[in-house]
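Letter by letter, the chains look like this.
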There are 2 protein chains.
Amino acid sequence: MLNFNIQIPTRIRFGRGKIEDLGKEILNYGDKVLLVYGGGSIKRSGLYDQVVQIFQDNGITHVELSGVQPNPRISSVRQGVKLCKKHEVHLVLAVGGGSTIDCAKIIAAGAGYDGDPWDFFTRKAKIKYALPVGTVLTLAATGSEMNPSAVISNDDTKQKLGTGSPVLIPRFSILDPEYSFTVPPTQTAAGTVDIMSHIFEQYFSPTPGTFIQERLAEAMLKTCIHFGPIAIAQPGNYEARANLMWTSSLALNGLLSAGKLTDWATHDIEHEISAIYDVTHGLGLAILIPYWMQYILDEQTAPRLAEYARNVWEIEESEDIIAAQAGIKKTAEFFKSMNLASSLSEIGVESKHLAEIAQRATAKRTLGAFKKLEYQDVLNILQTAYGVVAP
Amino acid sequence: MLNFNIQIPTRIRFGRGKIEDLGKEILNYGDKVLLVYGGGSIKRSGLYDQVVQIFQDNGITHVELSGVQPNPRISSVRQGVKLCKKHEVHLVLAVGGGSTIDCAKIIAAGAGYDGDPWDFFTRKAKIKYALPVGTVLTLAATGSEMNPSAVISNDDTKQKLGTGSPVLIPRFSILDPEYSFTVPPTQTAAGTVDIMSHIFEQYFSPTPGTFIQERLAEAMLKTCIHFGPIAIAQPGNYEARANLMWTSSLALNGLLSAGKLTDWATHDIEHEISAIYDVTHGLGLAILIPYWMQYILDEQTAPRLAEYARNVWEIEESEDIIAAQAGIKKTAEFFKSMNLASSLSEIGVESKHLAEIAQRATAKRTLGAFKKLEYQDVLNILQTAYGVVAP
């Protein structure tokens, strides 16, 4: 186990009706809010009206930034920053899923910075200060509600990049599983894969001696595998939605990465695909993960992949390589059982872009930690994930 | 799953040499410290000298309260409070195990209260304010380093009572597994049981729909079962000490109790035994747990006990009652394998006190949540745990 620092200060308010705490939570930081949300779903569900009513009841004034898209754009961030500065906002409140929260975080950082917020992603500037961020979560997926990270896309440069800072950790997050009842099956499946992918990126690590972290990761994987299909079949199943929502937060709040190197190669590859094709993050991951597992399987990686197969999928097989292969097969079948695509060609990725994606993903550095990947490795993974070996 | 609130703000600094952060952590709160510790072990190990050197290097002045005992006394707390008030201390630093940390917490609370600190336990007063508390942990057991609770004994009234407040949560905890290398085998075993007991108290719950919490609990139980015996056989095994230490913190920081009712009957009974006999907490628990499990096993509790047996002990048995019994047997055997006593008579408890212990444990309320226990239930458990059925 490596040395680590961890602090998880977000105040979680979890469960039915917890929105009742919203006014009080906001007033800890001030009474001028920038409300950030996506499309019309929170208007259709009535959540928007509820939030605005709470503002009124608590003497909170607000301005709004709506229309935040999946794979949120730096252009939305810039709009939000302008609003914060103009209206001297005290807190940025995200109501939505991970995209909305990520956008709100960078708005909060941009509000305290004189330059362009894209500087945080090009490493031209470091995030040292941010307005307080609060969240009302409507979708179990990214874990952004309880962590310091954000991923933003730039249409001009065709980049999708991440950044993070302790000052971006939401001060409070209201997690009411009922808000996710209206999430459609495909998004529920993609969200479940997103949670699982975060777990994989931390579970598959070269660091020895992290037994407790591995067992916790397996606990979370089992939860996703158990409840993903239930939430798809029964969108209003509270138990399924609650277990998925809490697992989404736990999977990426630092618990699983404490004391170990983490991989993130699959995410880095998927980000380059999303930057060009704007695919749903979890969907892209569902395609890549089994091919990544298959590609990196060798003598060195087999023991951990076999452990995964045995502990998560109950594969009873003593030979590591064979157990690992069975686990990879189970993973691919599970994603497919949730009606997710299993090749890049199915979702419209063109073979002519594979080399560019591989090149961009590895332009600045070798990917991965569990298994290091260079350009040719990434291209190989993309070609098998594409569905046919591209010329 | 029930609604819940959770926030875990302690800054954890985990690993070899993390003591180097101590000065900086303290100076966030001030430069006058009350140093609280137990017997001479931190002097023998050199940790005391190291801490005092860090004070000097950082311009931190300190006063000391030493001699804090296992099952820490309210008399020690009173001494510490006097020192805080007299010297206008800014932070209370506990260097030791759970007893030292619990004592430091109540000192910190007492420093901001005009009455007697025992009032916090008799519910005459509520803890609303406390000096900041920091810890340097030397023993994996209680989890006090990352939670709001404290248990204190009163020699005059022969009581051992708990209290808690969010203001008592340590601001920072330095967790260096190497400090636990010198913990003797019996204390290592008792600490391992203490961690497991915390997990059991939260795992065995009547609340349905808490799948993720159960799987996390099983992950932690497996870690204790795997590494407890290794740490006993190889006291300097870093991996074993690190996994146990981090698990001790995770087991009682709110993660496992989030969203569910918890039991705590075994702890309540053990506290009454300790109040009279001053036994090591983990040792008393190791005796009581299997008898408690056996006593409460019925049709209603069998499914969860069977789940425990199957998921933690890999018992392959489809009949719940039989699986549960096999799991209980494994538990008792495991505690015995760590050379812990398995009956109350062995540790000097006298049969004449059993009725009094049962009476005191149930004087104010019914115990438990997974299974409710009245006076006669507790007496039955004590009598079987005693080793012979008392008259």
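Residues numbered from 1 in each chain as written. Chains lettered and ligands numbered in written order. Predicted model: local features only at pLDDT ≥ 70, side-chain atom pairs only at ≥ 80, totals over all residues.

When you go through chain A residue by residue, the secondary structure sums to 14 helices and eight strands. Compactness check: chain A gives a C-alpha radius of gyration of 20 Å against a globular reference of 21 Å for 391 residues, within 12% of the reference. Dimensions along the principal axes, computed over C-alpha positions, put chain A at roughly 65 × 40 × 40 Å. Taking all 391 residues of chain A together, the buried fraction comes to 55%. Within chain A, contacts between residues separated by at least 24 positions form 76% of all contacts whose residues are at least 6 apart in sequence. (Helix = DSSP H or I, 4+ residues; strand = E, 2+ residues; numbered from the N terminus. Rg over C-alpha atoms; globule rule 2.2 N^0.38 Å. Buried ≥ 20, exposed ≤ 12 C-beta atoms within 10 Å, placed from the backbone. Contact = placed C-beta atoms within 7 Å.)

Attention now goes to the domain arrangement of chain A. Residues and elements named next belong to chain A. Segmentation of chain A into domains returns domain 1 (11–179) and domain 2 (184–386). Between domain 1 and domain 2, the C-alpha centre-to-centre distance is 27 Å. At the interface, 19 residues of domain 1 touch 24 residues of domain 2. Partitioned by chemical class, the residues of the side of domain 1 that touches domain 2 number nine nonpolar, six polar and four charged. (Domains from an automatic or database assignment. Nonpolar A, V, L, I, M, F, W, Y, C, P; charged D, E, K, R; others polar.)

Looking along a regular strand, one sees side chains alternate from face to face of the sheet. Residue and element names in this part refer to chain A. Most of strand β4 (residues 91–96) sits out of view: six of its six residues are buried. Residues Leu91, Leu93 and Val95 of β4 are buried on one face, and the alternating residues Val92, Ala94 and Gly96, pointing to the opposite face, are buried as well. Bridge count for strand β2 (residues 32–37) against β4 is five bridges, and the pairing is parallel. Bridge assignment links Val36 to a residue of β4, and that residue is Ala94. Pairing of β4 with strand β5 (residues 133–137), which is carried by five bridges, proceeds in the parallel orientation. Each bridged residue has a counterpart across the sheet, and for Gly96 the counterpart in β5 is Leu137. Handedness of the crossover joining β4 and β5 through helix α5 (residues 98–110) is recorded here as right-handed. (Pairing = 2+ DSSP bridges. Right-handed = clockwise from strand over helix to strand, strands pointing away.)

Bringing the pairing of strand β6 (residues 149–154) of chain B into the picture now. All names here are of chain B. With six bridges joining them, β6 and strand β7 (residues 159–164) adopt antiparallel strand pairing. Residue pairing for β7: Ser153 is matched across the bridge by Lys160. Counting the residues that bridge the hairpin from β6 to β7 gives four residues, and of these Lys158 lies at a positive phi of roughly 50 degrees.

Given a rise of 1.5 Å per residue, 19 residues ought to cover 27 Å, and the 27 Å separating the end C-alpha atoms of helix α6 (residues 185–203) of chain A matches this to within 8%. Most of α6(A) is tucked away, with 17 of its 19 residues classed as buried. (Expected span 1.5 Å × (residues − 1).)

This paragraph deals with unusual backbone geometry. Residues and elements named next belong to chain A. Unlike most non-glycine residues, Lys158 shows phi in positive territory, near 55 degrees. With respect to the element layout, Lys158 can be found in the loop between β6 (149–154) and β7 (159–164). Judged by the 12 C-beta atoms lying within 10 Å of it, Lys158 falls in the exposed class. The phi torsion at Asp278 lies on the positive side, around 50 degrees, for a residue other than glycine. Position of Asp278 relative to the elements: it lies in the loop between α9 (265–277) and α10 (281–296).

A separate point is the relation of the copies chain B and chain A. With an RMSD of 0.0 Å, the operation that places chain B on chain A is a rotation of 180 degrees combined with a shift of 0.0 Å along the axis. Viewed as a symmetry operation, the transformation between the two copies matches a two-fold axis. No C-alpha of chain B lies nearer the rotation axis than that of Pro9(B), which sits 2.2 Å from it. The residues that chain B uses at the interface reappear at the interface of chain A in 100% of cases, marking a shared surface. (Least-squares fit on C-alpha atoms with pLDDT ≥ 70 in both.)

As a further point, take the packing of helix α11 (residues 302–313) of chain A against helix α12 (residues 320–337) of chain A. Each pair of packed helices can be summarised by the angle the axes make with each other and by the distance between the axes. All names here are of chain A. Close contact between α11 and α12 brings their axes to 7 Å; oriented N to C, the two are set at 55 degrees. For the element pair α11 / α12, the angle class is oblique. Of the two possible hands of crossing, α11 and α12 adopt the one that is left-handed. Between α11, through Ala302, Pro303, Leu305, Ala306, Tyr308, Ala309, Arg310 and Trp313, and α12, the contact on the second element is made entirely by Asp320, Ile321, Ala323, Ala324, Ala326, Gly327 and Lys330. The residue inventory of the contact of α11 with α12, partitioned by class, reads 11 nonpolar, one polar and three charged. (Axes fitted to C-alpha atoms, helices over the stretch in contact; angles between N-to-C directions. Parallel < 35°, antiparallel > 145°, perpendicular 65-115°, else oblique. Left-handed = near helix turned anticlockwise from the far one by under 90°.)

Taken in spatial order, the 12 strands make up an open sheet running β3(A)-β2(A)-β4(A)-β5(A)-β8(A)-β1(A)-β1(B)-β8(B)-β5(B)-β4(B)-β2(B)-β3(B), and their pairing is mixed. In the strand order of this sheet, the two ends are held by β3 (61–65) of chain A together with β3 (61–65) of chain B, each with one partner. With direction set aside, neighbouring strand axes in the sheet form an average angle of 25 degrees. Sitting on the sheet, helix α4 (residues 74–87) of chain A is in contact with β2, β3 and β4 of chain A, with an inclination near 160 degrees to β3(A).

This brings us to the interface of chain B and chain A. Contact residues are listed per partner, giving 34 residues for chain B and 34 residues for chain A. Of all elements in the fold, only β1 (4–14), α7 (211–233) and α8 (238–251) of chain B reach the threshold of two or more residues within the side of chain B that touches chain A. Broken down by element, the side of chain B that touches chain A gets its largest block of residues, 11 residues, from β1(B). Considering only residue class, the side of chain B that touches chain A consists of 15 nonpolar, 11 polar and eight charged. When strand β1 (residues 4–14) of chain A meets β1(B), the two strands line up antiparallel, connected through seven bridges. Note on β1(B): the bridge partner recorded for Phe14(A) is Phe4(B).

This part takes up the packing of α10(A) against α12(A). All names here are of chain A. Between α10 and α12, whose axes approach to 9 Å, the crossing angle comes to 170 degrees. The orientation of α10 with respect to α12, classified from their angle, is roughly antiparallel. When α10 is examined against α12, the residues Ala286, Ile289, Pro290, Met293 and Gln294 are found in contact with a partner set consisting of Ile328, Thr331, Ala332 and Phe335. A class-by-class count of the residues in the contact of α10 with α12 yields seven nonpolar, two polar and no charged.

Our focus in this paragraph is the environment of Lys260(A). Residue and element names in this part refer to chain A. Relative to the helices and strands, Lys260 is located in the loop between α8 (238–250) and α9. The spatial distance from the C-alpha of Lys260 to the C-alpha of Leu2 is 5.6 Å, given a sequence separation of 258 residues. Each residue touching Lys260, except ones within four places of it in the same chain, is listed here: Leu2, Ser205, Thr207, Thr210 and Gln213.

As a note on interpretation, predicted positions should not be read in detail where pLDDT is low. On average, residues of chain A score 96 in pLDDT, and 99% of them are at 70 or above. Both confidence scores are given for the complex: pTM 0.97, ipTM 0.96. (pLDDT = per-residue confidence, 0-100.)

This paragraph deals with the environment of Ile357(B). Within the element layout of this structure, Ile357(B) appears in helix α13 (residues 354–361). When near neighbours in sequence (up to four residues on either side) are disregarded, Ile357(B) contacts Glu272(B), Ile273(B), Ile276(B) and Leu382(B).

All names here are of chain B. Here Glu178 is to be found in the loop between β8 (172–175) and α6 (185–203). Distance from Glu178 to Pro235, taken between C-alpha atoms, is 9.5 Å for residues 57 residues apart in sequence. Those residues in contact with Glu178 that lie beyond four places of it in its chain are Arg16 and Tyr238.

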